[in-house]
Amino acid sequence: MITYSAENVKMPKIRRRDITAWIKAVARNYGKKVGEIGYLFVNDEKILEVNNEYLGHDYFTDIITFDYDEGDTINGDLIISLDTVRSNAQLFGKTYEEELHRVIIHGILHLCGINDKGPGEREIMESEENKALAMLA
């Protein structure tokens, strides 16, 4: 089950049924099933608080993914800063909706085992994001 909620921000206009089906299809491509996934949309202030408290990081980010996977079933909490999504969309020359979709699937790709911190991993993540985004179009 995939849930969507917002704290201190307006819930983004996403087609939940379509997004949920898309997430499940992407997970299937990695041999994964979707268990319990919770999206929480927040502002920069809240994501900074979570980043500090749980990860010891003192900076803003677009998404924080908490991974509770069990075998081939992905489970997790994904916290997305809509403020950072909006500023990144401008920075990267994308629409807000395009950038939001990229961030939504970025967290799922993490749960599917794709990393982006090590050498060469960012390019792999971007390639996988692009493949997943093409599935939504």
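The text that follows walks through the structure, step by step, so that each part is easy to find. Each residue is numbered by its place in its chain's sequence as written, counting from 1. Only residues with pLDDT of at least 70 get local features here, since the model is predicted, and only at 80 or more are side-chain atom pairs given and counted; chain-wide, interface and lining totals rely on the full set of residues. In computing side-chain values, all of the structure's heavy atoms are included and hydrogens and water are not.

DSSP calls a pair of strands paired once it identifies at least 2 bridges connecting them. Comment: elements are numbered from the N terminus, with helices defined as DSSP H or I runs of at least four residues and strands as E runs of at least two. Read from one edge of the open sheet, four strands run β1-β2-β4-β3, paired in mixed fashion. Edge positions in the open sheet fall to β1 (2-6) and β3 (63-67), since each of these has one partner strand only. In this sheet, adjacent strand axes meet at a mean angle of 15° when their direction is disregarded. One ladder, built from five bridges, connects β3 with strand β4 (residues 73-81); its direction is antiparallel. Considered in β4, the bridge of I63 is made with I80. Here, residues are in contact when the closest pair of their heavy atoms is within 4.5 Å. For helices, the fitted line uses only the C-alpha atoms of the stretch in contact; every axis is such a line through C-alpha atoms, and the angle between N-to-C directions lies from 0 to 180 degrees. Along the sheet, helix α1 (residues 16-29) makes contact with β1, β2 (33-42) and β4, crossing β1 at roughly 130°. Where helix α3 (residues 82-92) meets the sheet, its contacts fall on β2 and β4, and the angle it forms with β4 comes to roughly 75°.

This paragraph deals with the packing of α1 against helix α4 (residues 96-111). Running from N to C, α1 and α4 point in directions that differ by 40°, and their axes come no closer than 10 Å. Our classification of the angle between α1 and α4 gives oblique. The handedness of the crossing between α1 and α4 is right-handed. Along its contact with α1, which presents I19, W22, I23 and V26, the element α4 presents H101, I104, I105, I108 and L109. Note on residue categories: nonpolar means Ala, Val, Leu, Ile, Met, Phe, Trp, Tyr, Cys or Pro, charged means Asp, Glu, Lys or Arg, and polar means any other residue, Gly included. Looking at the contact of α1 with α4, its residues break down into eight nonpolar, one polar and no charged. Roughly parallel refers to an angle under 35 degrees, roughly antiparallel to one over 145, roughly perpendicular to one between 65 and 115, and oblique to any angle outside these ranges. Working rule for handedness: look at the near helix, and if it is turned counterclockwise from the far one by less than a right angle, call the crossing left-handed; if clockwise, right-handed.

Attention shifts here to the side chain of H101. Note on placement: H101 falls in helix α4. Discounting chain neighbours no more than four positions away, the residues touching H101 are I19, W22, L133 and L136.

Before going further, it helps to spend a moment on the environment of A27. Relative to the assigned elements, A27 resides in helix α1. Here the alpha-carbon distance between A27 and G76, two residues 49 residues apart in the chain, equals 13 Å. The contact partners of A27, leaving out residues within four places of it in the chain, are K32, V34, I74 and C112.

Phi angles above zero are rare outside glycine, and N8 is one such case at about 65°. Mapped onto the elements of the fold, N8 is located in the loop between β1 and α1. Burial classification: accessible surface area is computed with a 1.4 Å probe over protein chains only, and a residue below 20% of its type maximum counts as buried, one above 50% as exposed, and the rest as partly exposed. Take N8: its relative accessible area is 65%, and that puts it in the exposed class.

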